[in-house]
Amino acid sequence: MSASTPDIIRPYGDTTGDGMVQVSFTLPVPHDKRAEGAARQLAAKMGLEPALVVHAKAMGPDFTFFVVYGSAKHLVDLRDVTVVEREFPLLSPAEVNKAVKSRLRRKLVVVGACIGTDAHTVGIDAILNVKGFAGEKGLEYYREIRVVNLGAQVLVPELVARARAERADAVMVSQVVTQRDAHLHNTMTMSAAFREAYPAGQVPLLVVGGPRFEEGSAPKLGVDRIFGRGTTPAEVASYLVHALTTRSAAAAVPGSPRPGGAAAPSGPDGRKQR
Amino acid sequence: MSASTPDIIRPYGDTTGDGMVQVSFTLPVPHDKRAEGAARQLAAKMGLEPALVVHAKAMGPDFTFFVVYGSAKHLVDLRDVTVVEREFPLLSPAEVNKAVKSRLRRKLVVVGACIGTDAHTVGIDAILNVKGFAGEKGLEYYREIRVVNLGAQVLVPELVARARAERADAVMVSQVVTQRDAHLHNTMTMSAAFREAYPAGQVPLLVVGGPRFEEGSAPKLGVDRIFGRGTTPAEVASYLVHALTTRSAAAAVPGSPRPGGAAAPSGPDGRKQR
Amino acid sequence: MSVERATLRLAGLSGADHDRVPWVNHLVDAVRAEVGLEHGVTPPVYDALRRGEAPDLLTLAQRAASGSVHLRLPEGREAAAARSAARREVGRGLRIIDKQRARRDRLVKRHGDPVQRPWIYLIVATGDIYEDIPQAQAAAREGADVIAVIRSTGQSLLDYVPEGATREGYAGTYATQENFRLMRAALDETSKELGRYIRLTNYASGLCMPEIATLAGLERLDMMLNDSMYGILFRDINPVRTFVDQRFSRQIHARAGIIINTGEDNYLTTADAVDSAHTVTVSQLLNEYFAKEAGLQDWQLGLGHAFEVNPDLPDSFRIELAHALLARQLFPEAPLKWMPPTKHMTGDVFRGYLLDGFFNLVGAMTGQGILLVGMMTEAVVTPFLSDRDLALQNVRYVLNAVGGLTEDFHPPRDGFIQTRARQVLGEAVDLLTRITQEPGAAPLLEAIADGTFGLMRRPANAGKGLDGVVERAADYDNPAATMLEEGSDR
Amino acid sequence: MSVERATLRLAGLSGADHDRVPWVNHLVDAVRAEVGLEHGVTPPVYDALRRGEAPDLLTLAQRAASGSVHLRLPEGREAAAARSAARREVGRGLRIIDKQRARRDRLVKRHGDPVQRPWIYLIVATGDIYEDIPQAQAAAREGADVIAVIRSTGQSLLDYVPEGATREGYAGTYATQENFRLMRAALDETSKELGRYIRLTNYASGLCMPEIATLAGLERLDMMLNDSMYGILFRDINPVRTFVDQRFSRQIHARAGIIINTGEDNYLTTADAVDSAHTVTVSQLLNEYFAKEAGLQDWQLGLGHAFEVNPDLPDSFRIELAHALLARQLFPEAPLKWMPPTKHMTGDVFRGYLLDGFFNLVGAMTGQGILLVGMMTEAVVTPFLSDRDLALQNVRYVLNAVGGLTEDFHPPRDGFIQTRARQVLGEAVDLLTRITQEPGAAPLLEAIADGTFGLMRRPANAGKGLDGVVERAADYDNPAATMLEEGSDR
Ligand code: B12
Ligand code: B12
Ligand SMILES: Cc1ncc(COP(=O)(O)O)c(C=O)c1O
Ligand SMILES: Cc1ncc(COP(=O)(O)O)c(C=O)c1O
């Protein structure tokens, strides 16, 4: 089975190529034959064929819940999958400290916060606090990193002010609540505020994290990098070293694009700087 | 909320129009970042946007299981849903008996079986045996219906022979096993054999049942009607009365199409009779 | 500060200006600016009304907002007159609360209480009251006995209570008087339909705890989340403000016949559920103490605890059983609130559904009072309509099919479960002993400042809302506080 | 008839013609046609070989298929010579079985047995041996201790055993010697990888029960589904044929050290699990009786029972506990096989996952020997790869987190559980009494004919495969039967 996977694959139920997928959803219609037909229509639009509505249950008079199994006709082309591979080497704390010392010649300053009304600090604390995450110590533990953790429900202006005051090299923001895209709005507000407050090219590195950001959406949100589920402190520290040292090198060449794949100069709307 | 539902609806998570859907599937690739990208690609092809891969788990070295939540961009148009509404009135046993007596003037003969290698008799027994289903007595209980239940794993030639011998008005076939489309193959073999064995227009009513037939596929399978999950004996009895009496009426007009929506003279391939 | 605003609300002042700033805020701010709050807000206010600065409270507040009234601290007879006017008006508010309580009693008698224990408690959290309502009704139809409307993120740090029906909360719906009223009315309808009184819950917490408690009393909410230290520890609200607000709120709850729900579950979302099991016990004991002090009865103490032990731990389920039994035996008369796994829930919704099943089983086997129903999508989204429906199906199966296991469940005295329970109790006693041995005038405040709870240091002179804390003057008067203390209504 | 074919298989005859008709079928048919089978197949066959009709068994079978050999019943010394030749050759087969058993013992010693009870039993059923293999290996890696390869629908009614590696089964994979070999080899590899001996299971049932049992012994399968009445009741196979075949098969199993799994679960898929609980007990007792008669030891008796009570019934879980405990106590030494809900599973896979969790709990709490892992998609499809993975995760959680509940589980003597168990036992005894009181020579056959079991009437002179039943002549000889009876190997 293993060895080389083909380029084109399909979901696997119990036979190669069967395409089998399980789906569940609610439709805002009373449970009757029309509802089941509507469920089949949706399944067909999702590309399931054949699709079997194996469970349908009225939830009160106005809604019906469905479970559907079916064969997805789509092919997954692995060649089209763009993986954001780690664009930097993973360093040990000692290596991080050494790199910061030799390249920055001063402590690296990180200011972190949960912004907006979000009060979920466990994630950012896992990255910043000494205690750390998954057996790795957090950034506070690194001798050459100075961490200012502002905690929860920090307002954006407050964060900007503090970042300036601390001469932050990097700003780390956590967003866990995603209902109504709160995390996206807050992140964009934050990045806009930083671009407003700092001269072009001098904005600190903007890093956001949280379990439910879409991979690859950093440019759209105006930040330098996104970290998702299961991030460990060492990854973040290594990234900071990589990004800041490449940047300081690049800064020598005026007009050169900012480092970090995600920080390509133009966002989807064609202009990153507002 | 209730009153009149709009014509165009979307799946409902917790807000009207949010389109939220849950999906799970396995991809035949090792669990790594590429696999997660592949899962996102599939979700996108299914029309989920944004789609969040909320769970990914290696199942051995070659497979990964995913749970995805996302907003399906598809609209469900209720006007396009064709519901096969019951095309006949639901009768009580007494009414069925009366109708058979007055219109056929003899007992209605039904021959039933699980064909092929299928040995799941609970479903057809639920329809045919006195004991019945969901509180309704089965067809054996009807004074004017004579039931010949052949049981499990009946070969098609045997079924045809018996149907002829008993001068069956209707043949009832159950198919529960669906792996590799066994139910479809067996049904098509059966209907072909009957068309072969009988003069055109004299084939008994061919009825199949089972929990996993697709609605609306009767013509494709060459049968007169399909009954699905949760069918009750009274529905079947009422249908028989309806179909047979309409048919005997129609038979008086030579060349007129056979009754029962599903029995339209041409299948999808343009010819019902082979 | 919010205590004063709550008092004005009892006196009938409601509504907000076109910027949605409530009139109670305007008026209290004006009093604070002109006379200070150390004497209470009502003396200057009723003095001004007596002096004809405005025909009624609302107009007074409006004029105060535009700076066009003169406020002063009345003295002597004038003070006495203002006091008695205030008492009369505030008494009206208390009588509404009393009436609502009586009405609840009548409705419970008419529609009936849930047949089973634990009561089934479900959350709605769409952010839009008009989506919340049908979802709550659907949940009740499927078996929920208690509906909790989760608050929008951030509301706890607002120093005012928003006004009107709201549709724009994030991950929860704003607690407003109008939202309370709409939901209670909808559930009254549903109670009638179902022949079972459906209870409604919200949160008396954050900077406006006393006002929200008051609104809950006025609008006949039936339960309120109300923890003695949650705001301090998890919202960094000033400890003194929290204890002051909490006392007033709990007096209101006592008066209104509202069951409080405490927040011990929160400790376990950040700390480990095994290592910190005893902090739950300590917090329950403190919550009980403060509740009794405020006049709450045993039946009103929905002390909290939660199923948060790492499910990969050997015997994790039996550890949960031990913890749940301990709480049950320590507070035999209280309707304990048993809360589902959250921290160890993942995107694997199937596994989540299973864990919730075993959580339900602990709830049934240990005779919990209120079962907060777990959602398989806990780690993903605020609950979908279907999540609730599936979750209730889970609860029903477990209560109905497995619940009777209690008959066969007899943990031996020296077995795993009883040993574990004794260990947790021992650790709790040790911690309490350590707290009482803190040096200083207020050992609990010192302990909080030292980071005894949840590893968070919260000094008494810091935290949000500190500037709303005012030391009482000798002549401080608050008719609401007085009447609540006396149990009088006019 | 299949007994005779099995004997030839022991003597080393295998393979099939280009129409896939096995040579054992050709040869047995030829003997039947020319001399009849009442004397056994080996006398004419070894007589023909001695007479030089063919150089070896295979060639003889090939020539017999084309009608070009002469067969006769040897008499006197010739008969004795044929007998001893047959015994020698059949002995080889038995010695292979003995060697495989010794090999199993060695491998178990080397890799080890599962650490926990119950053993975890999983099904694969793709229909294609080459899909089955990686799925079985994946399942073992995730924790399965026993892999069962489900058979294609219809195989049980084939009067021959298909040949070679097969990829075209419906809802199961054909049981063939080559498929057995391939899967056993793959699992040997996996056992080594995991340091745990993974057992393999198939079905000795249907018209070829004795041959399949023989192949299982030759290819070192470790367990076989083998019920004394399943074929009669659920496949309408002639009762006499079934009992004859069953006796031979079980002797092979006894010899091969194979654990049998009986099929009491099947009663409950058609009958109600509460009303018919006692039929399970009766069937277990009968299976035990016939098994002992055939020489099986207690540790080889995987007597079956299942979690099929309607989950909507109040206390359904505790009824299951009562039934499972009863079986446990009646057969304390047997590795009981506990089977998951199937009938009441629906397309609601979430609910299914929960039910399976509580099924696992009964298995753990009552100390079952073998746990057939339930699948959330039971009502939908034969298991997906992911279904098995999720199901194993379910089992692991329950055994690890909840399993210890046994310590706290003490159903009181007059409580619900013990009362229910006594009731079922009483009904079982009544039924057995009624059976023994049947008039006629063979009360069990009469009872079966009367529809005592599963409401199906199966007269002794009807059913599939009847024409393969032959009454033995006085000089009937079957060296396999003799040696199995004697326990000898040459
Ligand atoms: C613990 C918890 C709480 C605790 C938080 C305590 C605290 N001090 O953080 C308490 C009880 C206070 C709480 C409250 C609420 N919560 Co909460 N909570 C959770 C819970 C159970 C676990 C979250 C967690 O700690 N995960 C563990 C950490 C380590 O993971 P993480 O955050 O993903 O972080 C990792 C990565 O994402 C990344 N990362 C994260 N941030 C950053 C930042 C940077 C810079 C980097 C580099 C990396 C990084 O690295 C981390 C380590 O790998 C989740 C449910 C769940 N099981 O996920 C709900 C959940 C997050 N909560 C939720 C909600 C709605 C709330 C409330 C708003 C409910 C309410 N209305 O009252 C409240 C209010 C809180 C508020 N104002 O924000 C929802 C969010 C729904 C959504 N998708 O929008 C969830 C999903 C539960 C649910 N299904 O409803 N909650
Ligand atoms: C009971 C059962 C058995 C029993 C059958 C006993 C018997 N005498 O029927 C036993 C134990 C023997 C059995 C064996 C097998 N089973 Co089985 N079995 C089931 C089970 C648990 C329930 C089926 C059932 O009885 N449903 C109740 C009846 C009332 O519902 P129904 O059949 O849908 O019938 C209703 C309607 O569909 C309709 N209807 C049905 N037929 C007809 C006909 C007509 C004319 C009409 C009008 C209406 C009608 O009306 C009925 C009443 O409403 C299902 C799983 C499940 N929970 O669904 C698996 C299941 C059907 N079995 C399955 C399999 C694979 C097998 C085996 C092949 C496994 C094996 N390889 O050994 C064997 C062999 C059987 C064979 N040769 O066919 C699979 C099929 C997978 C698939 N989709 O292809 C299932 C889904 C289980 C699974 N997930 O693997 N099984
Ligand atoms: C006791 C208690 N109070 C209040 C809240 C609500 O939090 P907030 O005050 O942020 O709305 C919670 C959250 O679960 C809680 O447990
Ligand atoms: C005891 C027993 N034998 C055999 C089988 C297999 O059925 P079949 O003989 O149709 O392959 C089963 C099915 O589950 C069974 O339980």
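Here the residue index of a chain counts from 1 through its sequence in written order. Whichever chain is written first is A, and whichever ligand is written first is 1; the rest continue in order. Owing to the predicted nature of the model, reporting of local features is limited to residues with pLDDT of at least 70; listing and counting of side-chain atom pairs is limited to 80 or more, with chain, interface and lining totals taken over all residues. Excluding hydrogens and water, the side-chain figures rest on all heavy atoms present in the structure.

All names here are of chain C. A molecule or strand has a residue near it when one of that residue's heavy atoms lies within 4 Å. Around ligand 3 sit Arg151, Ser156, Tyr203, Ser205, Leu225, Asp227, Tyr230, Arg235, Gly263 and Asn266, and those are all the residues in its vicinity. Taking Arg151, its side chain carries an N or O atom lying 3.1 Å from an oxygen atom of ligand 3. Separating an oxygen atom of ligand 3 from a side-chain N or O atom of Ser205 is a distance of 2.8 Å. For ligand 3, whose accessible area on its own is 390 Å², the fraction buried by protein is 86%. Two N or O atoms form a polar contact when they lie within 3.5 Å of each other; inside protein one atom must be a possible hydrogen donor and the other a possible acceptor, and for residues adjacent in sequence the pair counts only when both atoms belong to side chains. Method for areas: the Shrake-Rupley scheme with a 1.4 Å probe, in which residue coverage is limited to the protein chains shown.

What follows is about a positive patch on the surface. All names here are of chain C. A cluster of basic residues, Arg103, Arg106, Arg110 and Lys192, forms a positive patch on the protein surface. Segments assigned H or I by DSSP are reported as helices when at least four residues long, segments assigned E as strands when at least two residues long, and all are numbered from the N terminus. Broken down by element, the residue count for the positive patch peaks at three residues, all from helix H5 (residues 76-111). Here Lys192 is to be found in helix H7 (residues 177-194). Within this analysis, patches are made of residues with over 30% relative accessible area and no salt bridge. Like charges are joined at 9 Å or less; nonpolar side chains (Val, Leu, Ile, Met, Phe, Trp, Tyr) at 5 Å or less. For this analysis, a salt bridge means a side-chain nitrogen from Lys or Arg found within 4 Å of a carboxyl oxygen belonging to Asp or Glu. The convention is simple: Lys and Arg are positive, Asp and Glu are negative, and His and the chain ends are not counted. Charge placement uses NZ in Lys and CZ in Arg. For Asp and Glu, CG and CD serve respectively.

Octahedral metal centres with six donors ideally show angles of 90 or 180 degrees, and tetrahedral centres with four donors ideally show 109.5 degrees. Only nitrogen, oxygen and sulfur atoms within 2.8 Å of the metal, or 3.2 Å for Na, K and Ca, are treated as donors, and water is left out, so sites may look incomplete. When only protein atoms are considered, the cobalt atom of ligand 2 has one donor, B:His120 (NE2), at a distance of 2.1 Å. The residue B:His120 is located in the loop between strand E6 (108-114) and helix H3 (122-128) in this model.

Of all residues in chain C, 100% attain a pLDDT of 70 or more, and the chain-wide mean is 95. Predicted as a complex, the structure gets a pTM of 0.93 and an ipTM equal to 0.92. pLDDT runs from 0 to 100 and stands for how confident the predictor is about each residue.

Interfaces are often sized by the accessible area lost when the parts come together. By definition in these notes, contact holds between two residues if any of their heavy atoms fall within 4.5 Å. With 53 residues of chain A at the contact, the number on the chain B side is 53 residues. Counting each side, the surface lost to burial between chain A and chain B is near 4,700 Å², with a carbon and sulfur contribution of 60%. Run the count over chain A and chain B and you get two salt bridges. The partner of A:Glu36 in a salt bridge is B:Arg229, and the shortest N-O contact between them spans 3.5 Å. Here chain A is connected to chain B by 15 residue pairs in polar contact (both at pLDDT 80 or more). Considering each element in turn, the side of chain A that touches chain B owes the most residues, nine residues, to helix H1 (residues 33-45) of chain A. Three classes are used: nonpolar for Ala, Val, Leu, Ile, Met, Phe, Trp, Tyr, Cys and Pro, charged for Asp, Glu, Lys and Arg, and polar for all others, with Gly counted as polar. Broken down by class, the residue content of the side of chain A that touches chain B amounts to 29 nonpolar, 10 polar and 14 charged. Examined bridge by bridge, strand E2 (residues 20-27) of chain A and strand E2 (residues 20-27) of chain B share five bridges and lie antiparallel to one another. The term buried area means the drop in 1.4 Å probe accessible area that two parts suffer when joined, counted for both and summed. Pairs of strands are assigned from DSSP output, requiring at least two bridges between the strands.

So, on to the site of ligand 4. Residues and elements named next belong to chain D. In the neighbourhood of ligand 4, the contacting residues comprise Arg151, Ser156, Tyr203, Ser205, Leu225, Asp227, Tyr230, Arg235, Gly263 and Asn266. The separation between an oxygen atom of ligand 4 and a polar side-chain atom of Ser205 is 2.8 Å. Interatomic distance of 2.7 Å between a side-chain N/O atom of Arg235 and an oxygen atom of ligand 4. Relative to its free-state accessible area of 390 Å², ligand 4 is covered by the protein chains to the extent of 86%. Considering only residue class, the shell around ligand 4 consists of three nonpolar, four polar and three charged.

Considering the arrangement of structural elements, one finds C:Glu131 in helix H6 (residues 129-141). C:Arg167 provides the closest opposite charge to the buried, unpaired C:Glu131, separated from it by 5.2 Å. In this structure, C:Glu131 is in contact with B:Tyr12, B:Asp14, B:Thr15, B:Thr16 and C:Thr126, ignoring residues within four places of it in sequence. Partly exposed describes any residue whose relative accessible area lies between the buried limit of under 20% and the exposed limit of over 50%, with all areas from a 1.4 Å probe on protein chains only and scaled to the type maximum.

Residues and elements named next belong to chain D. Simply put, an axis is a line fit to the C-alpha atoms, just over the touching stretch for a helix, and the angle between two N-to-C directions goes from 0 to 180 degrees. Put simply, helix H1 (residues 2-10) and helix H10 (residues 239-256) touch, their axes get as near as 10 Å, and they point 25° apart. Between H1 and H10, the angle falls in the class roughly parallel. Contacts between H1 and H10 pair Ser2, Val3, Arg5, Ala6, Thr7 and Leu10 from the former with Arg241, Val244, Asp245, Phe248 and Ile252 from the latter. Here the residues of the contact of H1 with H10 are counted per class, giving six nonpolar, two polar and three charged. Here the angle decides the label: under 35 degrees means roughly parallel, over 145 means roughly antiparallel, 65 to 115 means roughly perpendicular, and every other value means oblique.

Contacts between the two partners involve 13 residues from chain B and, on the opposite side, 17 residues from chain C. Taken over both partners, the interface formed by chain B and chain C buries close to 1,200 Å², and the fraction arising from carbon and sulfur atoms is 63%. It is B:Tyr12, B:Asp14 and B:Tyr69 that lose the most area in chain B upon contact with chain C, and together they represent 44% of the buried surface on that side. Where chain B packs against chain C, one counts zero salt bridges. Connecting chain B to chain C are five residue pairs in polar contact (both at pLDDT 80 or more). For the side of chain B that touches chain C, the secondary-structure elements that each account for two or more residues are E2, strand E3 (48-59) and strand E4 (63-72) of chain B. The greatest single-element share of the side of chain B that touches chain C, amounting to three residues, is contributed by E4(B). When its residues are assigned to classes, the side of chain B that touches chain C shows seven nonpolar, five polar and one charged.

Here we take up the sheet that holds strand E10 (residues 225-227) of chain B. All names here are of chain B. Across the sheet, which stays open at both edges, the five strands sit in the order E7-E6-E8-E9-E10 with parallel pairing between neighbours. Two strands lie at the open edges of the sheet, namely strand E7 (145-149) and E10, each paired on one side alone. Neighbour-to-neighbour, the strand axes of the sheet open up by a mean angle of 20°, direction not taken into account. Strand direction decides the pairing type here: strand E9 (residues 205-209) and E10, joined by three bridges, are parallel. Along E10, the bridge assignment pairs Val207 with Arg225. Against the sheet, helix H4 (residues 156-166) engages E6, E7 and strand E8 (170-174), with an angle of about 165° to E6.

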